[in-house]
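# Topology and contacts: notes
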Amino acid sequence: MTGDPELFYIPYPRFLDGVEALAQRLDSDQWQPDFLVGIGRGGLVPAAYLSHRTGIAMLSVDHSSGEPGFADELLVKLAAKSKDGRRILIVDDINDSGTTIEHLRAKIAAHGGAADEVKVAVLINNARSKAHAEYAAETIDRETDKRWFVFPWEAVAPRETLAEEAQEVPERLA
C-alpha cells in the first residue's frame, strides 16, 4: 500500500455512546450473559466500561499478545462455563476481518463449549466480516469505509506505530 492510512480517532463521547448502545441492546434482549469477557487488548476497555454499566462480572482473555498457548487455559475455563449453561459475552472493540472471533469460538468449541451460550459484542462491526457479532454499537462496510479506527485507549500510541499496525492488513485499507 502506498501513502498513509486514514487514521480516524474515535472521540471519547462516541466511545461512551457505543458502550451505552451495547448496554441497551443487552437490556432489551432475553438472552443475558453471566460474564463479559474482554479480549486483550482492544476489548478490555470496552468490556470494563460495559461491566460497570450493566453490573455483569468481567473476565479477560489475552489474545493479542501472540504468546502461543497463553490464553488456552482461560478458553478451556470459558468452554466449561458455557457447557454448564453459563452465558458468555465476548467483548471486543472491532469485528473487522472476523479472525479473532472465529479463533475464540473455535477454541471454545474444541474444548466442548456450548456455542449457543457464547455471543459476541463489538463497538464496530464490519458487515463483510467472516464472523458474526450478535451485538454491535455500529456497523460499517469495509468495501467503502477504509478508515483505520483509533480508539481512545490507542490514541496515546505514536502515529507511526498506528500507521504500521494499519498497514499490516493492507486489504482492509485498499
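This text follows the structure it describes.
Presented here is a report on the structure given in the accompanying data block. Numbering of residues begins from 1 in every chain and follows the order in which that chain's sequence is written. Note on the predicted model: pLDDT of at least 70 is required for a residue's local features to be given, and 80 or more for side-chain atom pairs to be given and counted; whole-chain, interface and lining totals, by contrast, use all residues. Side-chain calculation: all heavy atoms of the structure are included, whereas hydrogens and water are not.

### Some points on the environment of Ile108
The condition is simple: Each helix is a run of DSSP H or I of at least 4 residues and each strand a run of E of at least 2, with the numbering of both proceeding from the N terminus. Think of it in three bands: with a 1.4 Å probe and only protein chains considered, a residue is buried below 20% of the maximum accessible area for its type, exposed above 50%, and partly exposed in between. The contact criterion used throughout is that any non-hydrogen atoms of two residues lie within 4.5 Å.
Mapped onto the elements of the fold, Ile108 is located in helix 4 (residues 99–110). The exposure class assigned to Ile108 is buried, which follows from its relative accessible area of 3%. On a C-alpha basis, the gap between Ile108 and Asp72 in space is 9.1 Å, while along the polypeptide they are 36 residues apart. Contact partners of Ile108, with chain neighbours within four places excluded, come to Leu75, Leu78, Ala79, Ser82, Ile90, Gly113 and Val118.

### Structural notes on the pairing of strand 4 (residues 88–95)
Note the threshold: Strand pairing is assigned whenever DSSP detects at least two bridges linking the two strands.
Within strand 4, eight of the eight residues are buried, which leaves it mostly tucked inside the rest of the structure. The pairing of strand 2 (residues 35–40) with strand 4 spans four bridges and is parallel. Within strand 4, the position partnered with Phe35 by the bridge is Ile88. Relative to strand 5 (residues 118–126), strand 4 runs parallel, the two sharing seven bridges. The partner of Ile94 across the bridge, within strand 5, is Ile124.

### Describing the layout of surface pockets
Filter applied, for reference: Within this scheme a cavity is a closed region of a 1 Å grid, computed over the protein atoms alone, that accommodates a 1.4 Å probe without allowing it to escape, whereas a pocket is open but has protein on both sides within 12 Å along at least five of seven lines; lining residues each have an atom within 4 Å of a point. Grid points are joined across faces, edges and corners, and a volume is the space filled by probe spheres set on the points. Residue polarity follows a fixed list, in which Ala, Val, Leu, Ile, Met, Phe, Trp, Tyr, Cys and Pro are nonpolar, Asp, Glu, Lys and Arg are charged, and the others, Gly among them, are polar.
Put simply, the largest pocket is a space of about 970 Å³. Of the residues belonging to the lining of the largest pocket, the class tally is 11 nonpolar, 11 polar and nine charged.

### Remarks on the nonpolar core
We apply this condition: Here the nonpolar core consists of buried residues drawn from Ala, Val, Leu, Ile, Met, Phe, Trp, Tyr and Cys, with membership extended through side-chain atoms lying within 4.5 Å.
With 22 residues, the main nonpolar core has Leu50, Leu89, Ile124 and Phe149 as its most contacted residues. Broken down by secondary-structure element, the contributors of at least two residues to this core are helix 1 (12–27), helix 2 (44–54), strand 4, strand 5 and strand 6 (135–140). By residue number, the principal contributor to this core is helix 1, which donates five residues. Every residue in contact with Phe149, bar those within four places of it in the chain, is listed here: Phe8, Ile10, Ile94, Ile124, Ile140, Arg142 and Glu154.

### Points about the sheet that holds strand 4
Inclusion rule: Comment: axis = line fitted to C-alpha atoms, over the contacting stretch for helices; angle = value between 0 and 180 degrees taken between N-to-C directions.
The five strands are arranged 3-2-4-5-6 in an open sheet whose pairing can be described as parallel. Each having just a single partner strand, strand 3 (57–62) and strand 6 make up the two edges of the open sheet. Adjacent strand axes in the sheet meet at a mean angle of 25 degrees, parallel and antiparallel pairs treated alike. Pairing analysis gives five bridges linking strand 5 to strand 6, with the strands arranged parallel.

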